[in-house]
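Survey of secondary and tertiary structure
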Amino acid sequence: MIRLDNIVATYTTQRGQVNAVDGVTLEIPDSIVMGIAGESGCGKSTLMKVLYGDIGFPLSLSSGSVDYGLVNERGEPVTTDNIRSEWFRHISYIPQSSMSSLNPVVRIRDQFVDFPATAGRKKEVLAQVRDFVQKLGLPPESIDAYPHQLSGGMRQRIMVAMATFFQPEIILADEPTTALDVVVQKSILLLLLDLQKEMRNTIMLVSHDMGVHYQITDKMLIMYAAKVVEYADTDDIFQSPLHPYTLMLTNSLPTIGDERARRGLPGSPPSLWEPQVGCRFAARCPIAADRCRQEEPPLTEYQRGHFSACHFAGDVAALKESMQAGPSLSEVAHDTSKLMLDLEADR
Amino acid sequence: MNTILKTQGLNKVYSLGSFPRTIKVQALDDINLDIESDQPVIVSLVGESGSGKTTLAKVILRLVQPSSGAVTVAGHTVAGKGTRPNHNEFLRTVQPIFQNPFEAFSQHRTVDSYLRETAERVGKLHKDAAIQAVEEALAAVGLQYSDVRGKYPNQFSGGELQRASVARALIPRPQLIVADEPVSMIDASRRMIIINLFMALKEEYRTSFLYITHDLATAYYISDYIAVMNKGRIVEFGDAKQVLSQPQHEYTQLLLDSIPRLNSRWVERRNPTTG
């Protein structure tokens, strides 16, 4: 179990300080794939940085800490203070862009074994690495190549191999397949799932693609403007969400075979530079009331394992029904007055 | 029936590297498209990166000279060896919208100066009439001239700036707008606003769109026709709903199977709360 206790992560900039993650308290069970979703700027990547313990200027932790539920070699519990010494061994990171994460002028095999633990037994480790990359569907010779000689998909497999070689308990993946084509994306995601099933580790996956979340995650965290707005099992997130933002996010894009007209989510999140009063989603929310603009809703467990930060969580089901009863694509396609343009609202 | 877009035996070979180790890459391999309709249409061009879809867009926009073949848009031959269409007439026939609006507009110029210049040079309008045309085009995309005037690109959000670039493309009232990945830089939650706008403009401005994307779901949503490209060839072409619900070519099937859908899973997931 990973426990986050009131995490506040702050960026210090020329304009002053801004909280990119503002009071996140969570418990993440072991051996699950957990997805983190939200619009750009909602704090999902910053939360990943905090989880990885990669905290340095301009990012700082103003409050809270992470308890990873692990014990290090000296028998001490692993927390934010000492997570850095567990990098690769117990926690690893798969970045979005493999091209800017691998050293372009060093062969991949040398990057694989370039740390003190392999001193004196590099040959032995390299043989294991070759076996391992073969298991991941790469030719063993591929580690002799330079990064630019491999395709994007192969490089991303190398990144997965590096992140999983020591069978860490926790793997953080920040948009691991965004730069890839759908065909390659599917193979990488299935590879990650296979490895997770075998190694029983916890994967935290950031993606803006709700389809990716639906396909591979067990639980999901929805973030909006530096706050957690909903946290639940993936099936509940999609079938019975308890926050209007989650509902609108999962319904914002069309799917093949679905003939409903879609309207997206007009407007933009509030600027975090301004002091926040009430619910941060209120300005874009179709069911917001005066209470929402004055009183901030706390993250509440409405059903077992299903958390939502909405005063009107009970009304989301009705909102979902009304959205599903909306006009079909063929009704609006030739009638611009019925097309849900929302151009005025999207400022 | 009017010909909206026609390509005949279009080829493009890029030569990479220098002698004696030149590598030839066939980016377009005998592309024959013939789209005829009395009504304006939205045609999607889908495929993986490297499939040649951007090269095809560039050939239609005269940014890349084809190795052989010709392109006709609404009766005007726009590209092909030796084709030299009147520049202004070409710009009144085809207009582009690019992927990243922040790169399409210079950071050192105001956005409205681009719009006014398009109206003056391509539309051949005098000052007042040009401003009126700009106002009209901006209103069509839900922006007001007074809000845009004097602003630089960095003062807009991505969605607003992309709408301004749609407005710019509308000013010459082109027959065809070539939109290369127009929504991939825009946050997923707000993409549909631009997509719905394309559908509205098709009806109001009678403009056809060539919508280039790797996202099959939005292609399914807006297109009348779809062309699936793979390795420089068009492997499947037809009615968009039909191609995507009953794909005939195995490459289209592979693409469709690989989309992370919201209704059926690749592998079963367990329920973490109840076990």
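Residues numbered from 1 in each chain as written. Chains lettered and ligands numbered in written order. Predicted model: local features only at pLDDT ≥ 70, side-chain atom pairs only at ≥ 80, totals over all residues.

In terms of regular secondary structure, chain A is built from eleven helices and twelve strands. For a compact globule of 347 residues, the expected C-alpha radius of gyration is about 20 Å, and chain A comes in at 22 Å, within 12% of that figure. For chain A, the C-alpha atoms occupy an extent of roughly 70 × 45 × 40 Å along the three principal directions. Counting the 347 residues in chain A, one finds 45% classified as buried. (Helix = DSSP H or I, 4+ residues; strand = E, 2+ residues; numbered from the N terminus. Rg over C-alpha atoms; globule rule 2.2 N^0.38 Å. Buried ≥ 20, exposed ≤ 12 C-beta atoms within 10 Å, placed from the backbone.)

Summing up its helical and strand segments, chain B has eleven helices and ten strands in all. Since a compact globule built from 275 residues should have a radius of gyration of about 19 Å, the 20 Å found for chain B is in line with a globular shape. With the C-alpha coordinates of chain B rotated into their principal frame, the extents come out at 65 × 60 × 45 Å. In chain B, once contacts between residues fewer than 6 apart in sequence are set aside, the share between residues at least 24 apart is 64%. (Contact = placed C-beta atoms within 7 Å.)

We now examine the nonpolar core. If you look at the biggest cluster of nonpolar residues, it comprises 90 residues, and the most contacted ones within it are Ile60(B), Leu197(B), Phe198(B), Leu210(B) and Tyr211(B). Looking at this core element by element, the count peaks at nine residues for helix H8 (residues 191-205) of chain B. By size, the runner-up hydrophobic cluster in this structure holds 86 residues, among which are Leu4(A), Met154(A), Leu249(A) and Phe281(A). (Core = buried A, V, L, I, M, F, W, Y, C linked by C-beta atoms within 7 Å.)

To continue, consider the packing of helix H7 (residues 158-170) of chain B against H8(B). Residues and elements named next belong to chain B. Interaxial distance between H7 and H8 falls to 11 Å at its minimum, and their mutual angle equals 20°. By the criterion of interaxial angle, the relationship of H7 to H8 is roughly parallel. For H7 against H8, the interelement crossing comes out right-handed. Across the interface between the two elements, Gly159, Gln162, Arg163, Val166 and Leu170 from H7 touch Ile193, Ile194, Leu197, Leu201 and Tyr205 from H8. (Axes fitted to C-alpha atoms, helices over the stretch in contact; angles between N-to-C directions. Parallel < 35°, antiparallel > 145°, perpendicular 65-115°, else oblique. Left-handed = near helix turned anticlockwise from the far one by under 90°.)

A word on the domain arrangement of chain A. Interface extent is often summarised as the accessible area lost during association of the parts. Structurally, chain A comprises domain 1 (2-217) and domain 2 (254-332). Taking only C-alpha atoms, the centre of domain 1 of chain A and the centre of domain 2 of chain A are 31 Å apart. (Domains from an automatic or database assignment.)

All names here are of chain B. Ordered by their spatial adjacency, six strands build an open sheet running S6-S7-S8-S3-S9-S10, and the pairing between neighbours is mixed. Sheet topology places strand S6 (94-97) and strand S10 (233-239) at the edges, where each strand pairs with a single neighbour. Averaged over all adjacent pairs, the angle separating strand axes in this sheet is 20°, with direction ignored. In this structure, strand S3 (residues 42-46) lies alongside strand S8 (residues 208-213), joined through five bridges in parallel fashion. Residue pairing for S8: Leu45 is matched across the bridge by Ile212. Relative to the sheet, H7 contacts S6 and strand S7 (176-180), its axis offset from that of S6 by approximately 175°. (Pairing = 2+ DSSP bridges.)

Glancing now at unusual backbone geometry. Here the amide bond leading from Phe57(A) into Pro58(A) is cis, since omega sits at 5°, within 30 degrees of zero. Its place among the elements puts Pro58(A) in the loop between helix H1 (44-52) and strand S4 (59-71). The residue after Phe19(B), namely Pro20(B), is reached through a cis peptide bond having omega 5°. By secondary structure assignment, the location of Pro20(B) is in the loop between strand S1 (2-16) and strand S2 (23-37). Its identity as a non-glycine residue notwithstanding, Phe88(A) has a phi of 75°, on the positive side.

We now examine the interface of chain A and chain B. The partner chain B presents 43 residues to the 50 residues of chain A that form the contact. Within the residue set of the side of chain A that touches chain B, elements represented by two or more residues are helix H5 (182-199), helix H6 (210-216) and helix H7 (234-239) of chain A. Taken together, the residues of the side of chain A that touches chain B break down into 22 nonpolar, 14 polar and 14 charged. (Nonpolar A, V, L, I, M, F, W, Y, C, P; charged D, E, K, R; others polar.)

Within a sheet, each strand pairs with its neighbour through backbone hydrogen bonds, oriented either parallel or antiparallel. Residues and elements named next belong to chain B. With antiparallel pairing, the four strands of this open sheet are ordered in space as S2-S1-S4-S5. The two strands at the open ends of the sheet, each matched to only one other strand, are S2 and strand S5 (76-80). With strand direction ignored, the average angle separating the axes of adjacent strands in the sheet is 20°. Where strand S4 (residues 68-73) and S5 come together, four bridges link them in antiparallel fashion. Across the sheet, residue Thr72 finds its bridge partner in S5, namely Thr77. Sitting on the sheet, helix H1 (residues 53-60) is in contact with S1, S2, S4 and S5, with an inclination near 65° to S2.

Our next topic: H1(B). Residues and elements named next belong to chain B. For H1, a buried count of seven out of eight residues is recorded, marking the element as mostly surrounded by other parts of the structure. Those residues of H1 that sit buried are Lys53, Thr55, Leu56, Ala57, Lys58, Val59 and Ile60. Trailing H1 by a residue or two, Arg62 shows a phi angle of about 60°, which is positive.

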